[in-house]
Amino acid sequence: MIFSLERKFLVFLVLPVIVILLVGAVAGMFYARKHILAQWVESTQLKAEKAALAIESELNDKLALINLIAKTDGSPNAEITQAFLIQQLAAKRGVRFVNLEPYQPKQDAAVPDPQGGHNNAGTPKVLYNLEVCENIELCPPLTDPHALDKSLRIVRILGDPDEEGGLKRLTVRVSFDSFLEKVRGMSLWKKGDACLVTSSGQFLAHTFRGMHGRKRLGETDDPLEKRIVEAIGRKHVGELFGPGHPPDRVVAFYKVPSINWYVLLSSEGRVILEPIIHFQVRFAVACLVGLLVIYALIRLCTRSLARSISAISAAALKVQQGDYSIRLPETQSDEIGQLNRSFNKMAEGLGQSDLIQRTFGRYIDRHVAEELMSKPEALRLGGDKKTVTIMMADIRDFTPIAEKLEPEEVVKMLNRYFAKLIEVIDRYRGIIVDFYGDAILVLFNGFEANVSARALDAVHCAVDMQARMVELERENLQAGLPAVRMGVGIHTGEVIVGNIGAETRAKYGIVGSNVNLTSRIQSTAGGGKIVISEQTYQNVSDKVEVARGFEVCLKGVEEDKKLYEVQSVDGKAFASQ
């Protein structure tokens, strides 16, 4: 034995628990990760949407003041009103410069920079130019990649060149970083970042660490940033996951409704899934403790069980060696106690079976053994004179058939023939006395007193045997074997029934002239026929209809015998008829 029972319990109980825990942990981890990422995406998209609306509101607030300044131009006290409105505009968050000055389109080739500088082309150093059309809608932005001042410039032309005062140009510069102040005020995810970009991926403002000096997304060939640029070019809202498990970064974006700006919020995947990582550690510790407890319980519970089963195994070995006197204690009231009681009964039964085998191993028919077990006095040698019914069946013309077949085919055909007959004989409680080549001798009523009933059983048995011969004939034809026909003879008379032989070897059989007479009667039955004697007919005449009665001189018998050919039993003709 490679593994003891206790070790098998440990293996087959602990291993499934470990597998279940691992599968549950992995499935739970994937579910929790999916749930937490979905929660982050949902909450972050809401924050991005809120930030985008706040940026739109803040931009519209400034554009509304610019529009109001434009409307007051040319009105009484316009200068005072415009100065007040400009003061209000300058006080707005993120407004770094407001300038209202005369405007000459043909002469004004360059706009003075509020910081006092120009680029090499003579234009102001601005990063992002956003012209304001007359209807206050924002025109497509113009970018200056050489600008160092990261601010939004809004230009509005006021007045009428044909009126007094001519044209004026209102220039307003707003810091891009001011638009992210709303985002910074939100409770972003731990270690989360935010940025404001254009639809082409150009950075307007960001809180990303290590991105100072960067101008646009994707310029470092980062795959995630390239996917972001591609996504914001197609959708107004969405989320993206970086590589890895957990993902390196998770990004959610939302478009500012009235302008081609996008708010991007991102966080590291391991930070988002930090609760799962902590849970995994706690879960592993809990599983280890649980497995130790299970191991201790199994050791405690299986040790006594293993000892009980070992005792049963040792007792079974003794029974196998022939000691049927072994008995196990029956004091326990659980399944082990029930098993011990069942074992004791089994040992007792095996002892009896062994006695039957040693006592009746010399007998052929199991019905004889059963009868002798119920009547132990029948074990003695010798016999009793009884009136019984004898049946003998034989295959017609078997010798010429056998001569045409190979020995193996003859044996195969006989085995199939006897198998069908024995099945029918057992059904009618017939006792097979002996086999004579292709013939079989059967005894009915060896121990019973009702001769007529057993004689009728013999006729029923013969009818069923002929029916099975019809089946056998079809099977032989399909198997390429010759068809065979069987004749059956039945006789009722006195014989000596008992044990014939010696103490060391005996058989249960019958002797007497009526056995020979049955053989002679059987010889008169043609293939597929059943012939019964006068004595049998007298016992079954009320149940059996005969086709004809005839007298015949039998070999070895001085007087002619009246015989009958059976046509039907209980009103039903048998199959061969």
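Here, every reference points to the structure presented above.
Caption draft 1: Molecular detail of the pairing of strand 12 (residues 431-436). The pairing of strand 12 with strand 13 (residues 439-444) spans five bridges and is classified as antiparallel. Bridge assignment links isoleucine 431 to a residue of strand 13, and that residue is leucine 443. Linking strand 12 to strand 13, which pair antiparallel, is a turn of two residues; within it glycine 437 sits at a positive phi near 65°.

Caption draft 2: Structural view of the side chain of threonine 72. Following the sequence through the fold, threonine 72 ends up in helix 1 (residues 5-72). With relative accessibility at 12%, the residue threonine 72 sits in the buried group. Here isoleucine 69 takes part through its backbone oxygen, which lies 2.8 Å from a polar atom of the side chain of threonine 72. The contacts of threonine 72, once residues within four sequence positions are left out, are Ala78, Thr81, Gln82 and Leu85.

Caption draft 3: Inspection of helix 10 (residues 407-427) at higher detail. Over its 21 residues, helix 10 runs 31 Å from end to end, which matches the ideal 30 Å to within 8%, given 1.5 Å per residue. Once helix 10 ends, the next one or two residues include arginine 429, with phi positive near 55°.

Caption draft 4: Spatial organisation of the nonpolar core. Grouped together as the largest cluster of nonpolar side chains are 42 residues, with contacts concentrated most on Met391, Tyr417, Met465 and Ile490. With 10 residues, helix 11 (residues 451-478) is the largest single contributor of residues to this core. Those residues in contact with tyrosine 417, other than ones at most four positions away along the chain, are Ala393, Asp394, Ile395, Asp438, Met469, Leu472 and Met486. Counting residues in hydrophobic clusters, the runner-up holds 34 residues, among them Ala48, Val95, Val98 and Phe179.

Caption draft 5: Summary view of the pattern of salt bridges. Taken as a whole and judged by the stated rule, the model has 17 salt bridges. Aspartate 464 is the partner of arginine 427 in a salt bridge, and the nearest nitrogen-oxygen pair spans 3.2 Å. Separated by 37 residues along the polypeptide, arginine 427 in helix 10 and aspartate 464 in helix 11 bring together distant segments of the chain. A relative accessible area of 48% places arginine 427 in the partly exposed class. Measuring nitrogen to oxygen at the nearest pair gives 3.1 Å for the salt bridge that ties glutamate 471 to arginine 468. Here arginine 468 and glutamate 471 lie together in helix 11, a separation of three residues that amounts to about one turn. Residue classification places glutamate 471 among the partly exposed positions, given a relative accessible area of 30%.

Caption draft 6: Inspection of the environment of valine 263 at higher detail. Tracing the chain through its elements places valine 263 in strand 10 (residues 261-268). Assessed through its relative accessible area of 0%, valine 263 is described here as buried. Considered as a pair, valine 263 and alanine 194 are 69 residues apart in the sequence and their alpha carbons are 7.2 Å apart. Residue contacts for valine 263: discarding those within four places in its chain leaves Ala48, Ala51, Ala52, Ile55, Cys195, Leu196, Ala252, Phe253, Tyr254 and Val256.

Cut-off values and rules
Residues numbered from 1 in each chain as written. Predicted model: local features only at pLDDT ≥ 70, side-chain atom pairs only at ≥ 80, totals over all residues. Heavy atoms only, no water. Pairing = 2+ DSSP bridges. Helix = DSSP H or I, 4+ residues; strand = E, 2+ residues; numbered from the N terminus. Buried < 20%, exposed > 50% of the residue type's maximum accessible area, 1.4 Å probe, protein only. Polar contact = N/O pair within 3.5 Å; in protein donor to acceptor, adjacent residues only side chain to side chain. Contact = heavy atoms within 4.5 Å. Expected span 1.5 Å × (residues − 1). Core = buried A, V, L, I, M, F, W, Y, C linked by side-chain atoms within 4.5 Å. Salt bridge = Lys/Arg side-chain N within 4 Å of Asp/Glu carboxyl O.

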